[in-house]
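Per-entry structural report
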Amino acid sequence: MTPQATDSDISDTAAETPVRTADSTWWLVAGASLISMGLAAYEIVPASVTPLIRDSLRVGPTAAGLLVGVMFGTAVVVSLPAGAVLDRTDSRSAMALAVGILVIAGIWGWRAGRRGQYESILASRVLGGTAYVVVWNAGIDMVSRAVDGSNRATAVGIFTASGPVGFALGQGTGPLIAQRFGWPAVFLAFIGPALAGLAVFWPASRGHGGSRGDAPSLQEFGAVLRSRNVWLVGVLGFLGYALYLFVNSWGSSYLTQGLDFSLAVSGLVVAVFPAVGVVSRISGGLISDRVFNGRRRPVVLSSFGLAAPLLLGFTQFRSLPLLVAVLLLIGFAVQLTLGLSFTYVRELVDPPVAATAVAFQTSIGLAGAFVAPIAGGAVVNSVGFEPAFLLAGTVAVAGLIVAWQAPEPERQ
């Protein structure tokens, strides 16, 4: 990509340098998505073996939840600086560097787990969180710039769907890996998919990802942070990610400890929650564009409106088939917002600062992901699972109220 290609002329395919085929572009999307999937699985997998971690390291639920939440906390801090650096450097090289960081973090966490060193595992997760946010922001940037306008929403939707695919992979296979190789092995297991993704991504992305030379000024950056509309959509992302991570982090423990399911069965049941996001995140944009004629707010209202009553009543369900069905519905509803929010926030700002708005959305959304596992653990430890799920339902109600205040973007 030439340095002259700017975010404002992102739809101008003439700004893209190499002559490319549609096949190579979609291989780029596939490779970037596979890298992201591996990182997402690495990110969530401690939640699937929380009882084993707690027993082995002799830590409480809050400390165990922090092993998941710390990656999101790291991403909150790193996202905006990473976005500024990506505006000035080669996103392709940044993706490769992030995979290398994941390899180091995974080996570090595995060794620390075998030695029972909680603080060292936590530090390795901070390093992994840095790799995650670089891949996420650079991946959205490269995928957005590699395809033309008619396919951009589809391509970005496919890439963001790598998150729930990875979460499902981590939740579903984590207990099986722990049973066969010991729970510290979960930190190593998902390096392989990320390396495979890099092998696909690297040749397909040749000529893409270079600096655009149009990093936003401090004034433009400040304008994004002062926008009430951007903050409203950011809060929706915060609440949506909080719900997403609460269920992912504590759903398996509830089924194991509250309903006496085995750890393996609980992991597989909870895996349907992120897995449905493959459909939800991609379809959110299609529903908005086709059913609601480009309006975004109806989709977000539907998202929180469906999730709220299901979460409020979740602990009343006991049968395995019904729990699977309810988790599918909650997962679909919550991830409609997660899939749409990155497109939504871009449309609320001027094109030159659209990338900054996406970085902001990543940061504030992942703040919710950081808080939820830790706060959820504190509530579970203090008053039990039923009040914790009632609180999650209240969060969904709050999302419904915020969504009602959110604006519709002007058609661009």
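Residues numbered from 1 in each chain as written. Predicted model: local features only at pLDDT ≥ 70, side-chain atom pairs only at ≥ 80, totals over all residues. Heavy atoms only, no water.

Before going further, it helps to examine the overall build of the protein. Secondary structure assignment for the protein yields 16 helices and zero strands. Counting the 412 residues in the protein, one finds 58% classified as buried. Looking at the protein alone, contacts between residues at least 24 apart form 84% of all its contacts between residues at least 6 apart. Roughly 15,300 Å² of accessible area belongs to the protein as shown, and the carbon and sulfur atoms make up 64% of that amount. (Helix = DSSP H or I, 4+ residues; strand = E, 2+ residues; numbered from the N terminus. Buried < 20%, exposed > 50% of the residue type's maximum accessible area, 1.4 Å probe, protein only. Contact = heavy atoms within 4.5 Å. Areas by Shrake-Rupley, 256 points an atom, 1.4 Å probe, with all protein chains shown as cover.)

This part takes up the packing of helix 3 (residues 61-86) against helix 10 (residues 228-258). For any two helices packed against each other, one specifies the inter-axial angle together with the distance between the axes. Close contact between helix 3 and helix 10 brings their axes to 11 Å; oriented N to C, the two are set at 140 degrees. Overall, the two elements helix 3 and helix 10 adopt an arrangement that is oblique. At the point where helix 3 passes helix 10, the crossing takes the right-handed sense. Across the interface between the two elements, Pro-61, Gly-65, Val-68 and Phe-72 of helix 3 pack against Leu-245, Ser-249 and Trp-250 of helix 10. By residue class, the composition of the contact of helix 3 with helix 10 is five nonpolar, two polar and no charged. (Axes fitted to C-alpha atoms, helices over the stretch in contact; angles between N-to-C directions. Parallel < 35°, antiparallel > 145°, perpendicular 65-115°, else oblique. Left-handed = near helix turned anticlockwise from the far one by under 90°. Nonpolar A, V, L, I, M, F, W, Y, C, P; charged D, E, K, R; others polar.)

This next bit is on unusual backbone geometry. We note that Arg-58 has phi near 55 degrees; this positive angle belongs to a residue other than glycine. Inspection of the secondary structure puts Arg-58 in the loop between helix 2 (50-57) and helix 3. Of the residues examined, Arg-58 reaches a relative accessible area of 78% and is grouped as exposed. With phi around 65 degrees, Asp-260 is a residue other than glycine that occupies positive phi space. Topologically, Asp-260 is positioned in the loop between helix 10 and helix 11 (263-275). Taking relative accessible area as the criterion, Asp-260 reaches 66% and is therefore assigned exposed.

With that settled, consider the environment of Leu-327. Looking at the secondary structure, you find Leu-327 in helix 14 (residues 320-346). Remark: the alpha-carbon pair of Leu-327 and Val-270, spanning 57 residues in sequence, is separated by 7.2 Å. In this structure, Leu-327 is in contact with Val-247, Val-269, Val-270, Val-272, Phe-273 and Phe-314, ignoring residues within four places of it in sequence.

Here the focus is the packing of aromatic side chains. Going through the model one piece at a time under the given rule, you end up with 11 aromatic pairs. With 5.0 Å between their ring centres and 70 degrees between their planes, Phe-246 and Phe-389 make a pair best called edge-to-face. Of this pair, Phe-246 sits in helix 10 while Phe-389 sits in helix 16 (residues 385-405); the two residues are 143 residues apart in sequence, bridging distant segments of the chain. Using a relative accessible area of 6% as the deciding quantity, one classes Phe-246 as buried. Between Phe-314 and Phe-389, the aromatic rings sit 4.8 Å apart at their centres with planes inclined by 25 degrees, giving stacked as the arrangement. Separated by 75 residues along the polypeptide, Phe-314 in the loop between helix 13 (297-312) and helix 14 and Phe-389 in helix 16 bring together distant segments of the chain. Take Phe-314 and Phe-389: they sit in the same class, and that class is buried. (Phe/Tyr/Trp six-rings, centres within 6.5 Å; stacked < 30°, edge-to-face > 60°.)

Given a rise of 1.5 Å per residue, 29 residues ought to cover 42 Å, and the 41 Å separating the end C-alpha atoms of helix 5 (residues 118-146) matches this to within 8%. For helix 5, the buried fraction is high: 23 of the 29 residues fall into the buried class. (Expected span 1.5 Å × (residues − 1).)

Turning next to the nonpolar core. With 125 residues, the main nonpolar core has Leu-245 and Leu-311 as its most contacted residues. Take this core: its biggest share by element is 15 residues, from helix 10. No fewer than three residues from each of domain 1 (22-209) and domain 2 (218-411) sit in this core. The contacts of Leu-311, once residues within four sequence positions are left out, are Leu-243, Val-247, Ile-330, Phe-389, Ala-392, Gly-393 and Ala-396. (Core = buried A, V, L, I, M, F, W, Y, C linked by side-chain atoms within 4.5 Å. Domains from an automatic or database assignment.)

Relative to the assigned elements, Ser-124 resides in helix 5. With relative accessibility at 0%, the residue Ser-124 sits in the buried group. One polar contact links the side chain of Ser-124 to the main-chain carbonyl oxygen of Ile-121, over a distance of 2.6 Å. Contacts of Ser-124, omitting those with residues within four sequence positions, involve Tyr-42, Ala-105, Trp-108 and Gly-109. (Polar contact = N/O pair within 3.5 Å; in protein donor to acceptor, adjacent residues only side chain to side chain.)

You can see Ala-406 is positioned in the segment after helix 16. Residues Ala-406 and Leu-301, 105 residues apart in the sequence, show an inter-C-alpha distance of 9.6 Å. Apart from the residues lying within four places of it in its own chain, the contact partners of Ala-406 are Leu-232, Leu-236, Arg-297 and Tyr-344.

Moving on, we come to a nonpolar patch on the surface. Residues Leu-312, Leu-390, Val-397 and Ile-401 make up a contiguous nonpolar surface patch of about 310 Å² in total accessible area. No other element matches the three residues that helix 16 contributes to the nonpolar patch. With respect to the helices and strands, the residue Val-397 is situated in helix 16. Its relative accessible area of 34% is what places Val-397 among the partly exposed residues. (Patch = residues over 30% accessible without salt bridge, like charges linked within 9 Å, V, L, I, M, F, W, Y side chains within 5 Å. Salt bridge = Lys/Arg side-chain N within 4 Å of Asp/Glu carboxyl O.)

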